[in-house]
Amino acid sequence: EELNLFLQLAIRLAEKNINPRYTLESGIPAIVKVAKTTEELNLFLELGTRLAEKGIDPRYTYEYGIPAIVRVVKTPDELESSLTFLGDLAIRLKEKGIDPRYTLESGIPAIVRVVKTPDELQFSLIFLEDLAIMLKEDGIDPCHNFTKDIPLMVEIIRTTKGLNKIILRDLAIKQLTA
């Protein structure tokens, strides 16, 4: 079954003209490393195929998103729910014209250092998504914020509530100055 899923992923990447090199060189080894069972590996491959169907290279989901989520979830149901949420997040960002790479590469690994539950993770990711969309709508490239500012804020604010307060404050300031 894993071989079939792997082939489906490769086919979707080719159909969408996504170069599979980095997904194969670094993405696949990352998910193999964190998969505790073949069922988990299958879920990871299915998510990658789903993303590829939407024109999203799963490399960053594999390298950063999934390893971060695996550190937070405790049950198979939490894993499945979190993977679905992660895939939906990447797709929504892409649909808004935002490259999901930076949320996956910098935002999620930073956030996962302070969250303790899948619910806290999802709550924080909703704020990151809202922030990225708001910045994009204001003509600001959110990539810089996710590669520099979010990890820095997480280092300063070591609780999920603290991070969310900062994001809420920034959103409120943006709304007041609009």
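Residues numbered from 1 in each chain as written. Predicted model: local features only at pLDDT ≥ 70, side-chain atom pairs only at ≥ 80, totals over all residues. Heavy atoms only, no water.

With that settled, the discussion passes to helix α6 (residues 101–112). With 12 residues, α6 extends 16 Å between its outermost C-alpha atoms, agreeing within 8% with the 16 Å of an ideal straight helix rising 1.5 Å per residue. Buried residues dominate α6, accounting for 10 of its 12 residues. Listed in full, the buried residues belonging to α6 are Tyr 102, Thr 103, Leu 104, Ser 106, Gly 107, Ile 108, Pro 109, Ala 110, Ile 111 and Val 112. (Helix = DSSP H or I, 4+ residues; strand = E, 2+ residues; numbered from the N terminus. Expected span 1.5 Å × (residues − 1). Buried < 20%, exposed > 50% of the residue type's maximum accessible area, 1.4 Å probe, protein only.)

Under the counting rule described, the total for this entry stands at one aromatic pair. Ring centres of Tyr 60 and Tyr 64 lie 6.3 Å apart, and the angle between their planes is 10°; on these two criteria the pair is classed as stacked. Within this pair, Tyr 60 and its partner Tyr 64 are both found in helix α4 (residues 59–72), separated by four residues, close to a single helical turn. A relative accessible area of 27% means that Tyr 64 is categorised as partly exposed. (Phe/Tyr/Trp six-rings, centres within 6.5 Å; stacked < 30°, edge-to-face > 60°.)

A positive phi is found at Asn 17, a non-glycine position, where the angle reads about 55°. In this structure, Asn 17 sits in the loop between α1 (2–15) and α2 (21–34). Of the residues examined, Asn 17 reaches a relative accessible area of 73% and is grouped as exposed.

Structurally, Lys 96 is set in the loop between α5 (76–95) and α6. In sequence terms Lys 96 and Ala 132 are 36 residues apart; their C-alpha atoms lie 9.5 Å from each other. If we skip the residues at most four places from it in the chain, Lys 96 touches Ile 133 and Lys 136. (Contact = heavy atoms within 4.5 Å.)

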